[in-house]
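# Summary of the model geometry
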Amino acid sequence: MIDVGFFLEIIPKLLSGVPLTLQLAGSSLLLGFCLALMLALAQIGGHRLAVWPIRSFVAVFRGTPLLVQIFLIYYGLGQFRPSLQAAGLWWLFREPYWCAILALTLNTAAYGSEILRGAIRNVPRGLGEAALALGLSRWLSLRLVILPLAIRQAIPAYGNEIILMVKGTSLASIITLMEVTGIAQGLISQSYRAIEVFIAAGAIYLAMNFIIVRTLGLIENRLTPYRRRA
């Protein structure tokens, strides 16, 4: 039977890993969104020399597991230590934290670029033409008209990506980062009570994602008042 007292004992320990989980997710999502936006705009620009490398990048990171990507960045790049030291980058790749941030950022950027690219293309072409007819430059029409509408349309799909990235931070435990899942594995090795520990850890992830879903729903409702029910 599940021991309620054991639950109350392990939950504070698991909650101590929440700041690192949110830090990994928040940093990677912020950096990934900026990179995804640049990749999406570059693809829409239509320059062949830019489009094909970006599509190859997206195909690789969308077509391979995040676990493999973390392993390749953390363990694989260590084989090139002399070259990285010569380039002054070894400080980045020797730390599991930065390797996890890099892997999560590149992964979410690949997915996010496709979400944003589709959202930008779904903005009616006439709106951009109307902005140009009013005297706005292409950059101003993109910044003031197209991107705000595209981001509004992308919120539901990007919300799913945010949730997936929060859950994806659990893979950082395989490179010794003690976020929620890493702490859970340590508790299991000490107590041999996997069911209680993983139920508690799953409840914490569920609570975090519930808050994220509600927050995104409020943001979407605020930005799209015309969709509200009468």
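Residues numbered from 1 in each chain as written. Predicted model: local features only at pLDDT ≥ 70, side-chain atom pairs only at ≥ 80, totals over all residues. Heavy atoms only, no water.

### A look at the environment of Ala130
Within the fold, Ala130 resides in helix α8 (residues 125-133). Using a relative accessible area of 36% as the deciding quantity, one classes Ala130 as partly exposed. (Helix = DSSP H or I, 4+ residues; strand = E, 2+ residues; numbered from the N terminus. Buried < 20%, exposed > 50% of the residue type's maximum accessible area, 1.4 Å probe, protein only.)

### Quick notes on the side chain of Gln69
Structurally, the position occupied by Gln69 is in helix α4 (residues 66-76). In terms of polar contacts, Gln69 uses its side chain to reach the backbone carbonyl oxygen of Phe61, at 3.0 Å. Ignoring anything within four residues of it in the chain, the contact list for Gln69 reads Val60, Phe61, Thr64, Ala103 and Asn107. (Polar contact = N/O pair within 3.5 Å; in protein donor to acceptor, adjacent residues only side chain to side chain. Contact = heavy atoms within 4.5 Å.)

### What to know about the confidence of the model for the protein chain
Confidence along the protein chain averages 88 in pLDDT terms, with 97% of residues attaining 70 or more. By mean pLDDT, helix α5 (residues 81-87) is the weakest element of the protein chain at 82, and helix α7 (residues 96-122) is the strongest at 94. (pLDDT = per-residue confidence, 0-100.)

### Topic: the nonpolar core
By size, the foremost hydrophobic cluster in this structure holds 63 residues, and its most contacted members are Ile10, Leu14, Leu24, Phe57, Leu116, Leu177 and Val197. In terms of residues, this core owes the most to one element, α7, which gives 12 residues. Each residue touching Leu177, except ones within four places of it in the same chain, is listed here: Leu20, Leu24, Pro96, Tyr97, Ala100, Ala172 and Gly182. (Core = buried A, V, L, I, M, F, W, Y, C linked by side-chain atoms within 4.5 Å.)

### Section: the pattern of salt bridges
Side chains bearing opposite charge may pair, as long as their charged atoms lie close to each other. Per the stated rule, a full pass over the model turns up 5 salt bridges. In this structure, Glu95 engages Arg94 in a salt bridge whose closest nitrogen and oxygen atoms are separated by 4.0 Å. The shortest N-O distance in the salt bridge between Arg125 and Glu129 comes to 3.4 Å. Residue Arg125 and its partner Glu129 are both found in helix α8; the two are separated by 4 residues, about one turn of the helix. Here the salt bridges share partners, and the residues they tie into one network are Arg62, Glu114 and Arg117. (Salt bridge = Lys/Arg side-chain N within 4 Å of Asp/Glu carboxyl O.)

### Some thoughts on the packing of aromatic side chains
Inspection of the entire model under this criterion finds 5 aromatic pairs. Taken together, a centroid distance of 5.5 Å and an interplanar angle of 35° make the contact between Phe71 and Tyr75 tilted. One end of the pair, Phe71, and the other, Tyr75, are both in helix α4, 4 residues apart, so they sit about a helical turn from each other. On the basis of relative accessible area, Phe71 is assigned to the partly exposed category, the value being 35%. An angle of 75° between the planes, with centres 4.8 Å apart, marks the rings of Tyr74 and Tyr75 as edge-to-face. (Phe/Tyr/Trp six-rings, centres within 6.5 Å; stacked < 30°, edge-to-face > 60°.)

### Points about the environment of Leu24
The topology assignment puts Leu24 in helix α2 (residues 18-45). Distance in space between the C-alpha atoms of Leu24 and Phe80 is 25 Å, their sequence separation being 56 residues. Leu24 has contacts with Tyr97, Ala100, Ile101, Leu104, Thr169, Ala172, Leu177 and Glu179, leaving out every residue within four places of it along the chain.

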